[in-house]
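Structural features, examined
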Amino acid sequence: MGNKHTDERDPFYIDYPGRIANIQKLMAEQDIDAYLGSRLRTLSWTTDAFCPWRSFVIIPSDGLPTVFTFVIDAARVADDSWLDEDHVLGYAPMGGMDQISIISDFIRDTLGIKRGRIGVENGMSNYLPEGNLTHYEYEQFKAALPSCELVDAHQIIDRLSLIKDQGTINRFREASRIVDEGHKAVRNALENGGWRGKTETEIAGIAALAMRKAGSEWEWSFTGGNEIASGYRTGFAGGACTPATRREIQQGEPLMVDIHAMFKLGLGDHSHNYFIGTASDRQWWHANNFLDMVRLVLDTYRAGITPVGLAEEMMGFAEERGFAENMVPGFEHGIGMMGDEWRIGLGDGPIPFWTNPEHVYQDGELIICAMQYACPDENIGFRYENPIVIKKDGCEPLSKFPLDIEEIR
Amino acid sequence: MGEKLTYLSPEWCEEVKARLAREISPEKMKYITTSMTNVYRNCPDGRDKYLYFKCEDGVFTDVFVGDGEPPKAEFVITGDYSTFASISQGKLKSQRALMGGKLKLRGNMVKALKLASLADRLNFVIAGIPTDY
């Protein structure tokens, strides 16, 4: 193991051995002999490495975990991870080296588990890269380990990763600082007529270049990286997903700039909105509705509230002001280290694996404060996203780019 | 050498060891330290056999054949006698045998990739021995 990740004075330090020990403690409570993690969020949370290929982590009841990833990426993952190369192994399409054989051999022969309970990650998600064990993988592992019982144990990771430690929050803080650099670059490129002739994809690239220069590893969102929408594309009904297109931005239109940066698996995600040229009074009516709503939501977030309670209160405000039909009735999405996106908390509500609407926010949780305003009839919409740390008496927005909707000349 | 040696016999194994010492320098072996066992299933006598190699700082210090439980090694390659025989005769490439599942490898795949070219050199030397299969 190199000397990386071991300096506790590093603001981005995360106690990975401590995380593993906590997992092992919960495994013991549930009589689990080995944990077979397959979700991207689990890989990030336990290895400190980005695992873009199908990967697995085996956590024994005692000792270090071992990662299995596609062989073309195993040496790089070992280099990035706090684990050494003997604990990051590659699988490949060769006899005995495919992922099922190598992992089941490891459990049976290296860990010596002939009979026992293997924790796996069952479930479903709206997030494509979630990485739950597939039906085929489940059946194959079951056949390869006939005397073992495979039990769903994903909540072990979800429980432990709910409250963020300081190193994680600092990584998100740095990713948000980088996102702000992207926003500054976009604004500079658009103003003084710079917007003329620019396309959504070009704006996405301007932000990407600035964020990469500032240290971002990639525009991590699976929604096409940086999401840029102009004109009617800002106002899709109920929409909040806008991969950039080749559409040229036009005078008199709204522009939505939703950009993403990653720093050490911490994720920046901030959306800012503009008008190109002078906006009409009607457009400003929409804009002010949106800005007032964002301010109110940010003022309301604190430990003790619930997603459904907040939504009811905010939609009441929107109703009072006459724009409820333009609000997507959700005000957050979950976030964690790379691969942990969308749902809040433990997914233990009435609809399994979705946010529990009665989840009570706690001090130290991190979410994306997210709002989408959309009026398709008028080709206008706005988006706000910002990682916030939930505190006892409020919240801390991590992106500091000033909240506003600016007219770009 | 005109006389053919029987595949996996003690004499054949001695010849493998002698040729490896003669034909593959520690430099060519990148001064590696590793060990490998080939496990031969379904040999002509009906038993399983193994061929064990140990390499220290690029020098083959141990090469021996046996039957029963093979010694522990960093890499274990398991397959039918006929598959190994085809590879030793140059009729089948080891990579094709692995990719086709005819051979089963156990060990660290990343390290195995680093050593693949060295294993090819070893197989090349073995293939040069006049052998009765």
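1. Considerations on the overall build of chain B
For chain B, the helix and strand inventory stands at 4 helices and 7 strands. Going residue by residue from the N terminus, the α and β elements of chain B occur as β-α-β-β-β-β-α-α-β-α-β. Here chain B has a C-alpha radius of gyration of 14 Å; the compact-globule value for 133 residues is 14 Å, and the two agree. For chain B, the C-alpha atoms occupy an extent of roughly 35 × 35 × 30 Å along the three principal directions. Considering chain B as a whole, with its 133 residues, one finds that 31% of them fall into the buried category.

2. Side note on the packing of helix α1 (residues 10-23) of chain B against helix α4 (residues 109-127) of chain B
Residue and element names in this part refer to chain B. Running from N to C, α1 and α4 cross one another at 120 degrees; their axes reach a closest spacing of 10 Å. Looking at the two axes, α1 sits oblique to α4. Handedness of the α1/α4 crossing: right-handed. Contacts from Val16, Arg19, Leu20 and Glu23 of α1 reach α4 at Leu122, Val125 and Ile126. A per-class count over the contact of α1 with α4 returns 5 nonpolar, no polar and 2 charged.

3. Let's talk about the domain arrangement of chain A
Note: interface size is frequently given as the accessible area lost on complex formation between the parts. Residue and element names in this part refer to chain A. Here chain A is partitioned into domain 1 (16-160) and domain 2 (166-408). Taken over C-alpha atoms, the centre of domain 1 sits 33 Å from the centre of domain 2. Listed by contribution, the elements that provide at least two residues to the side of domain 1 that touches domain 2 are α2 (40-47) and α6 (155-160). Ranked by the residues each element gives to the side of domain 1 that touches domain 2, the list is headed by α2, at 5 residues. Class assignment for the residues of the side of domain 1 that touches domain 2 results in 8 nonpolar, 6 polar and 5 charged.

4. A word on the nonpolar core
Residues and elements named next belong to chain A. Counting 142 residues, the largest nonpolar core has Tyr35, Ile58, Ala207, Met211 and Cys369 as its most contacted members. The element that contributes the greatest number of residues to this core is strand β12 (residues 366-375), accounting for 9 residues. Taken domain by domain, the makeup of this core includes at least three residues from each of domain 1 (16-160) and domain 2 (166-408). With residues up to four places along the chain from it excluded, the contact list for Met211 reads Ile178, Val179, Glu181, Gly182, Ser216, Ile259 and Ala261.

5. Quick look at the interface of chain B and chain A
The interface is formed by 12 residues belonging to chain B together with 14 residues belonging to chain A. At the level of elements, α3 (94-99), β6 (103-106) and α4 of chain B are the ones that each hand at least two residues to the side of chain B that touches chain A.

6. A word on the packing of helix α3 (residues 71-80) of chain A against α4 of chain B
Between α3 of chain A and α4 of chain B, the shortest axis-to-axis distance is 9 Å and the interhelical angle comes to 110 degrees. Classified by the angle their axes make, α3 of chain A and α4 of chain B are roughly perpendicular. The chirality of how α3 of chain A crosses α4 of chain B is left-handed. From α3 of chain A, Val71, Ala74 and Ala75 of chain A reach across to α4 of chain B, where they touch Met109, Val110 and Leu113 of chain B.

7. Quick notes on the environment of Ala261 of chain A
Residue and element names in this part refer to chain A. Along the chain, Ala261 falls in strand β8 (residues 254-263). When the 33 C-beta atoms within 10 Å are taken as the criterion, Ala261 is described as buried. With 119 residues separating them in the primary sequence, Ala261 and Ile380 have C-alpha atoms 26 Å apart. Leave out the neighbours within four places in its chain, and Ala261 touches Ala175, Ile178, Val179, Gly182, Met211, Ser216, Glu219 and Gly268.

8. A word on the sheet that holds strand β1 (residues 34-37) of chain A
Residues and elements named next belong to chain A. The strand order β4-β3-β2-β1-β5-β6 describes an open sheet built from 6 strands, whose pairing is mixed. Of all strands in the sheet, those bounded by a partner on one side alone are β4 (88-91) and β6 (148-152). Each neighbouring strand pair of the sheet contributes to a mean axis angle of 25 degrees, computed without reference to strand direction. Bridge analysis of strand β3 (residues 66-70) against β4 gives 4 bridges, and the strand direction is parallel. Note on β4: the bridge partner recorded for Phe70 is Tyr91.

The rules behind the values
- Residues numbered from 1 in each chain as written.
- Chains lettered and ligands numbered in written order.
- Predicted model: local features only at pLDDT ≥ 70, side-chain atom pairs only at ≥ 80, totals over all residues.
- Helix = DSSP H or I, 4+ residues; strand = E, 2+ residues; numbered from the N terminus.
- Rg over C-alpha atoms; globule rule 2.2 N^0.38 Å.
- Buried ≥ 20, exposed ≤ 12 C-beta atoms within 10 Å, placed from the backbone.
- Axes fitted to C-alpha atoms, helices over the stretch in contact; angles between N-to-C directions.
- Parallel < 35°, antiparallel > 145°, perpendicular 65-115°, else oblique.
- Left-handed = near helix turned anticlockwise from the far one by under 90°.
- Contact = placed C-beta atoms within 7 Å.
- Nonpolar A, V, L, I, M, F, W, Y, C, P; charged D, E, K, R; others polar.
- Domains from an automatic or database assignment.
- Core = buried A, V, L, I, M, F, W, Y, C linked by C-beta atoms within 7 Å.
- Pairing = 2+ DSSP bridges.

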